[in-house]
Amino acid sequence: MASTSLLYTSLQLQIPTQRSSNLPSRPFSRRLILRPVSASVSEKPSAPSSTAAQAEATKLPIRKIPGDYGLPLIGPLKDRLDYFYNQGRDEFFKSRIQKHQSTVFRVNMPPGPFISPNPKVVVLLDGKSFPVLFDVTKVEKRDLFTGTYMSSVELTGGYRVLSYLDPSEPNHGKLKKLMFFLLKSSRDRVIPEFHTSYTELFEKLESELASKGKGNFVEANDQAAFSFLARSFYGANPAETQLGQDGPKLVSKWVLFQLGPLLVIGLPKLFEELLIHTFPLPPVLVKKDYQRLYDFFYNSSTIVLDEAEKIGVSRDEACHNLLFATCFNSFGGMKFLFPNMIKWIGRSGVKLHTRLAKEIRSAIRSNGGEVTMAAMERMPLTKSVVYEALRIEPPVSLQYGRAKHDMVIESHESAFEVKEGEMLFGFQPFATKDPKIFDRSEEFVADRFVGEEGERLLKHVLWSNGPETESPTVENKQCAGKDFVVLVSRLLVVELFLRYDSFEIEVGRSALGASVTVTSLQRASF
């Protein structure tokens, strides 16, 4: 349920059935319209220290932030083309680190004209400077979920959902409490429903292997993840409702309309630039799709909607937030993270597979054959593998925050003065692969977080919009479902190696994460 920058691969437009007429909602209400990102600043600390005082306190040399934004319009367009096409995302950042000899610099971030009113950011690309983006006493998070632009609220029923709210806003606390209630009320269903949904996934892959010689993990995971979330959170099986098997495809298209300005989806460059990078896609094109999703969640979440009314949130607003949290945050996270986990574990080979299988089966046997949270706590290698996957390829790659006041930000080598109102941006994979923090930082090291020394590194695992060693509260922006994501990630590894000794895969590239094809599954033999 973390905020994330994602793309979904099913982009075909479909015309769904009409929404039911007995529901009290108009999900595409026009009470609010497309909002540009505001430069307003909320809830400043009562007495922030002056920049001069901070500069005197630092032991590092003060350096002017290098880089520039170029000419109006031309600079942002050049940076956008470099980011998407000429260099690609990683090289875009690496080349500027090299040019400026600094992990902190100025640049324009996509999408720029004409979607983003102001693409200028200060980039933070190391593990020391990056965490300032989590400190809500120093940065404001209002309307920054997708960065330097905000997608139309017509895509979320006319509401600014929780991901776009700053903790200083009254509704933030109410809606985050509602997410905590959702997680608590569904906790007894998570493990059994995960087993049910992912047993269906494995059976589908085995069937495809038998008939085609290979199985598409990504497609199977989409169906399994959506079904699991609906069953565990709401006790509803979408296949038995009017939604049927369409959920993942409807979500994919809806999310594209929000994140399209940040993505490359493989169209011819000029066409892609004009279609998704220059102007926002009109929400009306996904209105009927969204209504089908809304109807399903409204009909399935009575208990949670009752709780929402008790804490002062209307059923309509609560339903749109539940839909967003389930489809965008949770489903999106599993869609990105699970194929990448399979990729990294698969590439590590039989030796790691055997170690995981032995650890998992031993812990489950000693627990009477039952998969429980207590049993998984006795699996140090399994836990480390999950944390390492979250470190090396975090599902939340882009983070933004607007400076609430003048401040000094430190990298490993220098200190930099930032002015109130400036937009700060961090690309998380660079922070969590900082070679000054992690040895062999570019490698997947399965047992990196085993033992006391390994556990001390968990404070540098930042995927959840905060350190792994901290917890979400109503006062911060850390992912409400942080522990849930870790749990289901462990469950994937457990279910996989309870069933199989080893597996082989082929990995391709996709707009979101890895395209994983399973080519071999070796059933459990011990």
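Residues numbered from 1 in each chain as written. Predicted model: local features only at pLDDT ≥ 70, side-chain atom pairs only at ≥ 80, totals over all residues. Heavy atoms only, no water.

The name an unreviewed UniProt entry assigns to the protein chain is Allene oxide synthase, from the organism Actinidia rufa.

### Some words on the overall build of the protein chain
From N to C terminus, the protein chain includes 17 helices and 10 strands. Counting all 526 residues of the protein chain, 61% fall into the buried class. A separation threshold of at least 6 residues defines the contact pool for the protein chain, and within that pool the share at least 24 residues apart is 74%. Counting every atom, the protein chain has about 21,500 Å² of accessible surface; 52% of that belongs to carbon and sulfur. (Helix = DSSP H or I, 4+ residues; strand = E, 2+ residues; numbered from the N terminus. Buried < 20%, exposed > 50% of the residue type's maximum accessible area, 1.4 Å probe, protein only. Contact = heavy atoms within 4.5 Å. Areas by Shrake-Rupley, 256 points an atom, 1.4 Å probe, with all protein chains shown as cover.)

### Observations regarding the packing of aromatic side chains
Per the counting criterion, the structure on display carries 36 aromatic pairs. Each ring, one from Tyr400 and one from Phe425, has its centre 4.9 Å from the other, and the planes form 45°; the classification is tilted. Pair noted here: Tyr400 is in strand β5 (residues 398-403) and Phe425 is in strand β8 (residues 423-427), with a separation of 25 residues, a long-range link. Taking relative accessible area as the criterion, Tyr400 reaches 2% and is therefore assigned buried. Overall, Phe425 belongs to the buried group, its relative accessible area being 0%. (Phe/Tyr/Trp six-rings, centres within 6.5 Å; stacked < 30°, edge-to-face > 60°.)

### As for the sheet that holds strand β10 (residues 514-523)
In spatial order, the strands read β4-β10-β9; together these three strands make up an open sheet with antiparallel pairing. With partners counted over all chains shown, the strands left at the sheet margins are β4 (215-216) and β9 (500-509), one partner each. With two bridges connecting them, β4 and β10 associate as antiparallel partners. Bridged to Gly215 within β10 is Val518. Here helix α5 (residues 187-212) sits on the sheet in contact with β4, β9 and β10, set at roughly 85° to β10. (Pairing = 2+ DSSP bridges. Axes fitted to C-alpha atoms, helices over the stretch in contact; angles between N-to-C directions.)

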